[in-house]
Amino acid sequence: MKSLFGSRAELDRLRRELDECRSEITVARAREERLAAAVEMAPIGLVVVDEAGREVLRSRAARLGSHAEVLLDEALEELLRDALGGAIAQRRLELFGPPQRVLLISTVPLGGHGAMAVIDDVSERARLDAVRTDFIANISHELKTPVGALAVLAETLVDNDDLAVAHRLAGKMMSEAYRVSATIDDLLELSRIELGGRGEAEVVSLAAVFGEVAARHRLPAETAGVTLQVGPGNGLAVVGDRLQLVSAVSNLVDNAVKYTDRGGTVAVRAQAAGGAVEIEVCDTGVGIPARDIDRVFERFYRVDRARSRDTGGTGLGLAIVRHVANNHGGEVSVHSREGEGSTFTLRIPIDDETEGTA
Ligand code: ADP
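It should be emphasised that the depicted structure is a prediction, and the values quoted were computed from it without experimental measurement.

Cut-off values and rules
Residues numbered from 1 in each chain as written. Predicted model: local features only at pLDDT ≥ 70, side-chain atom pairs only at ≥ 80, totals over all residues. Heavy atoms only, no water. Near = heavy atom within 4 Å. Polar contact = N/O pair within 3.5 Å; in protein donor to acceptor, adjacent residues only side chain to side chain. Areas by Shrake-Rupley, 256 points an atom, 1.4 Å probe, with all protein chains shown as cover. Helix = DSSP H or I, 4+ residues; strand = E, 2+ residues; numbered from the N terminus. Pairing = 2+ DSSP bridges. Axes fitted to C-alpha atoms, helices over the stretch in contact; angles between N-to-C directions. Contact = heavy atoms within 4.5 Å. Left-handed = near helix turned anticlockwise from the far one by under 90°. Nonpolar A, V, L, I, M, F, W, Y, C, P; charged D, E, K, R; others polar. Expected span 1.5 Å × (residues − 1). Buried < 20%, exposed > 50% of the residue type's maximum accessible area, 1.4 Å probe, protein only. Domains from an automatic or database assignment. Salt bridge = Lys/Arg side-chain N within 4 Å of Asp/Glu carboxyl O. Core = buried A, V, L, I, M, F, W, Y, C linked by side-chain atoms within 4.5 Å.

Visitor: Please provide a residue-by-residue account of the site of the ligand, values included.
Guide: With respect to spatial proximity, 22 residues lie near the ligand, and among them Asn255, Asp283, Ser308, Thr314 and Gly315 are the closest. Note that an oxygen atom of the ligand is positioned 3.0 Å from one of the backbone N or O atoms of Val303. In this structure, Gly317 approaches the ligand through a main-chain N or O atom, which is 3.3 Å from an oxygen atom. Relative to its unbound accessible area of 530 Å², the ligand is 98% covered by the protein chains. Where the shell around the ligand is concerned, the elements lending two or more residues are helix 6 (242-258), helix 8 (317-327) and strand 12 (341-349).

Structure, rendered in structure tokens:
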């Protein structure tokens with residue numbers, strides 16, 4: 001029988017085609033939704049405008065919130081207008097915050113379909129660049145001072161005939177040369193620890209670390225009139241790089257001795273504490289003023305420049321300690337009271353296998 005719409009077979013074919021169309025629409029819709037979700041969640045921001053410059057899409061990362069968004073929109077308006085005219089452009093936008101942010105905005109025309117802006121948050125990259133530039137400026141300054149002093153001392157020495165004066169000048173030259181050499185040694189150590197990451201991953205007993213530290217510092221402590229007590233390792237061990245750990249504890253003890261007056265005490269001890277080993281270096285020294293305590297781990301930061309210089313400090317010791325702690329998944333903290341002393345605690349997490357292996 002032939003119906004109004006043709007034969008039954010034709011009707012079936014139309015129905016099948018309709019079903020196919022429906023499933024294609026479902027697939028296309030799902031694809032569109034997936035794409036929209038990807039654009040929305042992308043870590044870089046996207047803004048798309050149509051041919052008339054009307055905004056048709058703005059992803060999550062391009063929505064900055066009130067004040068920052070006003071500044072972003074000002075920049076976008078100009079750049080997208082140029083992009084609609086066919087120009088490709090890029091601009092760096094600094095937002096002074098808080099939070100401080102640096103955005104890199106790139107705009108491109110979409111070939112008669114409007115224009116698009118890509119917004120990349122490069123704040124972290126900009127921060128690292130600033131830290132690096134700062135660091136280089138600091139190194140230059142740290143090396144320039146003793147090298148300058150060396151030049152002046154050498155010039156004076158050349159014009160001098162008095163043997164006693166020559167002796168004194170040579171002594172000063174030696175100490176300036178040691179200063180340059182100590183700074184370079186610490187810079188190399190810091191970069192080795194920074195680049196080397198965690199380094200070796202062996203079971204390191206604290207008894208061994210303490211043994212090396214005691215051997216290294218016994219004589220300087222004695223000379224400084226400071227009693228050095230290095231406790232037993234208490235059978236504790238951590239997984240890590242022995243050289244790095246010795247370097248960290250050694251830097252803490254070196255400071256403790258340097259910043260403790262004659263007659264004082266420096267004690268090094270270890271204890272297990274909630275899934276970690278805590279190494280404490282405690283002194284009865286000059287202490288650290290509260291206003292400086294958050295900054296002492298920064299490279300080249302010194303509370304008392306003169307004392308640091310007189311005792312051969314480079315300003316890098318605590319930066320090295322902090323790096324070693326980070327490399328071992330741990331942290332270093334300090335409690336201090338001016339005039340009473342300081343306790344630095346190096347906390348290194350231990351896994352179950354390490355426990356009881358020393
Ligand atoms: P430095 O080579 O100058 O000792 P560090 O990075 O080791 O550099 O230490 C940074 C600063 O922190 C020191 O200059 C000093 O002012 C302060 N400091 C570190 N350890 C102690 C301590 N045990 N007691 C008092 N001040 C300390």
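Text resumes after the structure shown.
Visitor: Residue-level account of the sheet that holds strand 7 (residues 227-230), with values.
Guide: Reading across from one edge, 7-9-10-12-11 is the order of the 5 strands in this open sheet, with mixed pairing throughout. Of all the strands in the sheet, just strand 7 and strand 11 (331-337) have a single pairing partner and so form its edges. Across the sheet, the mean angle separating the axes of adjacent strands is 15° when strand polarity is ignored. In this structure, strand 7 lies alongside strand 9 (residues 265-272), joined through 4 bridges in parallel fashion. Considered in strand 9, the bridge of Gln229 is made with Ala267. On the sheet, helix 5 (residues 206-224) packs against strand 7, strand 9 and strand 10 (276-283) and is oriented at approximately 170° with respect to strand 7. Along the sheet face, helix 6 touches strand 7, strand 9, strand 10 and strand 12 and points at about 25° away from the line of strand 10.

Visitor: Describe the packing of helix 6 against helix 8, and please don't skip the residues or the numbers.
Guide: Where helix 6 meets helix 8, the closest approach of the two axes is 9 Å, and the angle between their N-to-C directions is 145°. Here helix 6 runs over helix 8; the crossing is left-handed. Judged by residue contacts, Gln244, Leu245, Ser247, Ala248, Asn251, Leu252 and Asn255 of helix 6 engage Gly317, Leu318, Ile320, Val321, Val324 and Asn327 from helix 8. Each residue belonging to the contact of helix 6 with helix 8 can be placed in one class, and the counts come to 7 nonpolar, 6 polar and no charged.

Visitor: Mind laying out the environment of Gly339, listing which residues take part and the relevant values?
Guide: Tracing the chain through its elements places Gly339 in the loop between strand 11 and strand 12. For the pair Gly339 and Val286, spaced 53 residues apart in sequence, the C-alpha to C-alpha distance is 4.6 Å. Contact partners of Gly339, with chain neighbours within four places excluded, come to Gly285, Val286 and Gly287.

Visitor: For helix 3 (residues 123-158), give the residues involved together with the corresponding values.
Guide: For helix 3, with 36 residues, the first-to-last C-alpha span of 52 Å sits near the 52 Å given by 1.5 Å per residue. Along helix 3, the residues that are buried comprise Ser123, Ala126, Phe135, Ile139, Glu142, Pro146 and Leu153. Structurally, helix 3 contributes buried residues whose contacts are with strand 3 (89-95), strand 4 (101-109), strand 5 (115-121), helix 4 (163-196) and helix 7 (305-310).

Visitor: Describe the domain arrangement of the protein, with residues and values.
Guide: As far as domains go, the protein holds domain 1 (2-123), domain 2 (124-196) and domain 3 (199-358). In this structure, domain 1 and domain 3 have C-alpha centres spaced 55 Å apart.

Visitor: Run through the pattern of salt bridges, naming residues and quoting values.
Guide: Under the definition given, this model contains 26 salt bridges. A salt bridge links Asp129 to Arg132; the nearest nitrogen and oxygen atoms lie 3.5 Å apart. Residue Asp129 and its partner Arg132 are located together in helix 3, separated by 3 residues, close to a single helical turn. Using a relative accessible area of 49% as the deciding quantity, one classes Arg132 as partly exposed. With its nearest N and O atoms 2.9 Å apart, the salt bridge here joins Glu142 to Arg302. Taken together, the residues Glu142 in helix 3 and Arg302 in the loop between strand 10 and helix 7 connect sequence positions 160 residues apart. When its relative accessible area of 7% is taken as the criterion, Glu142 is described as buried. By relative accessible area, which is 13% here, Arg302 ends up buried. Three or more residues joined by partner-sharing salt bridges are found here, namely Glu55, Arg58, Glu69 and Asp73.

Visitor: Lay out the sheet that holds strand 5 in plain terms, naming residues and giving numbers.
Guide: With antiparallel pairing, 5 strands are arranged side by side in an open sheet as 2-1-5-4-3. Edge positions in the sheet fall to strand 2 (55-58) and strand 3, since each of these pairs with one other strand and no more. Direction aside, neighbouring strands of the sheet carry axes that sit 20° apart on average. Pairing geometry for strand 4 and strand 5, over 7 bridges, is antiparallel. Its bridge partner being in strand 5, Ser106 is matched across the sheet by Val118.

Visitor: Which residues make up the nonpolar core, and what values do they have?
Guide: One finds Val209, Val249, Ile279 and Leu346 to be the most contacted residues of the largest nonpolar core, which totals 46 residues. The element contributing the most residues to this core is helix 6, with 8 residues. For this core, the two domains that each supply at least three residues are domain 2 (124-196) and domain 3 (199-358). Grouped together as the second largest cluster of nonpolar side chains are 18 residues, Val49, Ala62, Ala68 and Leu76 included.

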